[in-house]
Amino acid sequence: MSTTLIAALAAGVVPAADAFAAPLSPAAAAAPSVPAPDMEGVTAALDSAMADGAPGAMARFTGPSGVESRTVGVRDRTSGAPMDIHARFRIGSVSKTFSTVVLLQLVEEGRLELDAPVNRYLPGLLPDDRITVRHLLTHRSGLADYTDAMFADTVPGFEAVRNRVFSYQELVDLSLSEPRTTEPGVAYKYSNANFVVVGMLIEKLTGRPVSDAYERRIFKPLKLRGTSYVHPDTRIKGLHVRGYLHPDAAGDPLVDSTEQTVSWAQSAGAVISSPADLNTFTGALMRGRLLSPAMLEEMTTVTPTDATNTRFYGLGLRRYDLSCGTRVFGHTGTVQGFYTYAFSTRDGRRSLSAVANTSNHGAANTALGGTLEAAFCGKKPTVAPSSRAASSPAARDFSSLPAERDLPERH
């Protein structure tokens, strides 16, 4: 099979009849050269995640030259089975991007408006009519993140909800029992409660479970055969990675957290996927195969999440600005036992997915993030940059920054 064909298949090309697919212009066809991925650097980042407590890790890169992947460690500590690039795993908050795509498709269909109050569609749900749909998708609603209290004690908190099935309303009530974090629209404050409400909107407007919307609107069109929304079943079917949760007390044994309902997250984090499917999804999204150009522009319009000038948030989408000047779009994911990164360049030509099978150990998450620099920026120059260049935002090595947290962590 030719390299060109491999690259096309890896990129997740969907049928030409897709409503938003369009022929490449001559300028787009003559795409500029990009740095080759530094797969040695990717492996080094995976090894670092293992050194920081992950039993195993893996990464898969797709680009103009095809597919490259690396695995280290084990996917199952009991059997000793090695990490497998074809194995499925819980993607945590990467699910938020799937939920956002569905909701933005509903916006395009005229079934809701981004800047309309949430209470227009879910009357009486929220105590403030100023909270809009856009506020949910940008984490600017001020709704408290109920997981802060739920997982204040990591393992006991997890065990209390491992097999529990929540309704959306119960999760919203947990959020509303806490003080709001900000006035609507004032500041970014990450909260899983926002995407619980997004799930409620999807189900109210479609009259169907959110799983149906994912399947019909994303999984089937993109042929994501390894991706599913699993709730409230606790199992990951087929070949999969087992997840291991670090207790709060240093030195205590890891907890196998693979089986759980993830009902505490649902539309905020209950999707299961594979490295190949995540590459396909983020690449197809950025190429405009799921949303119109205008809606994708809305989704990728971002504001800062911190003071580093490298990390931003749009509509259910993170943007990271890497040291080489490349901007990548996607999401991070944390669910008990798994850290995930799934990102693509804005043109969708290059995609990376990476996972480590642990959580509650931020150093492992930070180390895993180093796969982004290695994959998208290539090998670092051997000559030290000037002090002026090193101090510029574009020259800052993204992998030196602590990972952003999608759940409370003690380590």
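If you trace the 8 strands from one edge of the open sheet to the other, you get 2-1-13-12-11-10-9-8, paired in antiparallel fashion. On the outer flanks of this sheet lie strand 2 (66-73) and strand 8 (303-304), each paired with one strand and no other. Across 4 bridges, strand 10 (residues 318-321) lies against strand 11 (residues 327-335) in antiparallel orientation. The residue bridging Asp321 from the neighbouring strand is Arg327, located in strand 11.

Another aspect to go through is the nonpolar core. With 80 residues, the main nonpolar core has Phe98, Trp264 and Leu285 as its most contacted residues. Top contributing element to this core by residue count: helix 10 (residues 192-206), with 9 residues. Beyond its immediate stretch of four places on either side in the chain, Phe98 contacts Ile91, Tyr214, Ile218, Phe219, Leu224, Thr227, Leu278 and Phe281. Leu46, Ala57, Ala354 and Phe376 belong to the second-largest nonpolar core, a separate cluster that totals 29 residues.

Before going further, it helps to spend a moment on the packing of aromatic side chains. The full count for this structure, using the stated rule, is 9 aromatic pairs. Arranged with centres 3.8 Å apart and planes meeting at 10°, the rings of Phe98 and Phe281 form a pair that is stacked. Separated by 183 residues along the polypeptide, Phe98 in helix 4 (residues 95-108) and Phe281 in helix 12 (residues 275-286) bring together distant segments of the chain. Per residue, the accessibility class of Phe98 equals that of Phe281, and both read buried. Taking 5.1 Å as the distance between ring centres and 85° as the angle between the ring planes, the aromatic pair formed by Phe151 and Trp264 counts as edge-to-face. One end of the pair, Phe151, is in the loop between helix 7 (147-150) and helix 8 (154-161); the other, Trp264, is in the loop between strand 6 (255-256) and strand 7 (271-273), and 113 residues separate them in sequence. The exposure class of Phe151 is buried, given its relative accessible area of 4%. The class of Trp264 is buried, set by a relative accessible area of 2%. Within the aromatic cluster, the residues linked to one another by ring pairs are Phe98, Tyr214, Phe219, Tyr229 and Phe281. When the ring centre of Tyr244 is taken as reference, the NZ or CZ atom of Arg77 above it lies at 5.5 Å. Sitting over the face of the ring of Phe312, Arg319 holds its NZ or CZ atom 4.3 Å from the ring centroid.

So, on to the side chain of Arg88. Residue position: Arg88 is located in the loop between strand 2 and strand 3 (89-90). Nearest to the buried, unbridged Arg88 among oppositely charged side chains is Asp277, at 6.6 Å. Looking at Arg88, its side chain comes within polar contact range of the side chain of Ser228, at 2.6 Å. Beyond its immediate stretch of four places on either side in the chain, Arg88 contacts Gly226, Thr227, Ser228, Ile236, Lys237, Leu239, His240, Val241, Ile272, Ser273 and Ser274.

For the rest of this paragraph, the subject is the pattern of salt bridges. This structure, assessed with the given rule, holds 24 salt bridges. In this structure, Arg134 and Asp115 form a salt bridge, with 2.7 Å as the shortest nitrogen-oxygen distance. Highlighted residues: Arg134 in helix 6 (residues 133-137) and Asp115 in the loop between helix 4 and helix 5 (118-121), separated in sequence by 19 residues. On the basis of relative accessibility, which here comes to 21%, the residue Arg134 falls in the partly exposed class. Take Asp115: its relative accessible area is 51%, and that puts it in the exposed class. The shortest N-O distance in the salt bridge between Glu159 and Arg162 comes to 2.9 Å.

Moving on, we come to the confidence of the model for the chain. Looking at the chain, the pLDDT average stands at 91 and 88% of residues meet or exceed 70. The low-confidence segment residues 1-30, where pLDDT is below 50, has 38 contacts with residues more than four positions distant or belonging to other chains. Here residues 385-395 scores under 50 on pLDDT; set against residues more than four positions off or in separate chains, the count is 10 contacts.

In this chain, His231 is followed by Pro232 through a cis amide linkage whose omega measures 5°. Along the chain, the position of Pro232 falls in the loop between strand 4 (228-229) and strand 5 (244-245). The backbone of His139 shows a phi angle near 55°, a positive value even though the residue is not glycine. Among the secondary structure elements, His139 is positioned in the loop between helix 6 and helix 7. The phi dihedral of Asn360 falls on the positive side, at around 60°, and the residue is not glycine. Tracing the backbone through its elements, the reader meets Asn360 in the loop between strand 14 (358-359) and helix 14 (362-377).

Calculation notes
Note that residues are indexed from 1 along each chain, following the sequence as it is written. Thresholds applied to this predicted model are a pLDDT of at least 70 for local features of residues and 80 or more for the giving and counting of side-chain atom pairs; totals over whole chains, interfaces and linings are not thresholded and use all residues. As a convention, hydrogens and water are excluded, and side-chain values are obtained from all of the structure's heavy atoms. At least two DSSP bridges between two strands are required for those strands to pair. Helix and strand labels come from DSSP, where a helix needs a run of H or I of at least four residues and a strand needs a run of E of at least two; each type is numbered from the N terminus. Each nonpolar core is a collection of buried residues, namely Ala, Val, Leu, Ile, Met, Phe, Trp, Tyr and Cys, held together in the definition by side-chain atoms within 4.5 Å. Each residue's exposure class comes from its accessible area (1.4 Å probe, protein chains only) as a fraction of the maximum for that residue type: buried when under 20%, exposed when over 50%, partly exposed otherwise. Throughout, a residue-residue contact means that at least one pair of heavy atoms, one from each residue, lies within 4.5 Å. We call Phe, Tyr and Trp rings a pair once their centres come within 6.5 Å, taking the six-membered ring for Trp, and we label the pair stacked below 30 degrees between planes, edge-to-face above 60, and tilted otherwise. Only Lys NZ and Arg CZ are tested; either one counts as a charge over a ring when it is within 6 Å of the ring centre and within 35 degrees of the ring normal. In this tally Asp and Glu are treated as negative and Lys and Arg as positive; neither His nor the chain ends contributes. When a carboxyl oxygen of Asp or Glu is within 4 Å of a side-chain nitrogen of Lys or Arg, the pair counts as a salt bridge. Any pair of N or O atoms that falls within 3.5 Å is considered a polar contact. Within protein, one atom must be able to donate a hydrogen and the other to accept it, and sequence-neighbouring residues count only if both atoms are side-chain atoms. Along the chain, pLDDT gives the predictor's confidence residue by residue, from 0 to 100.

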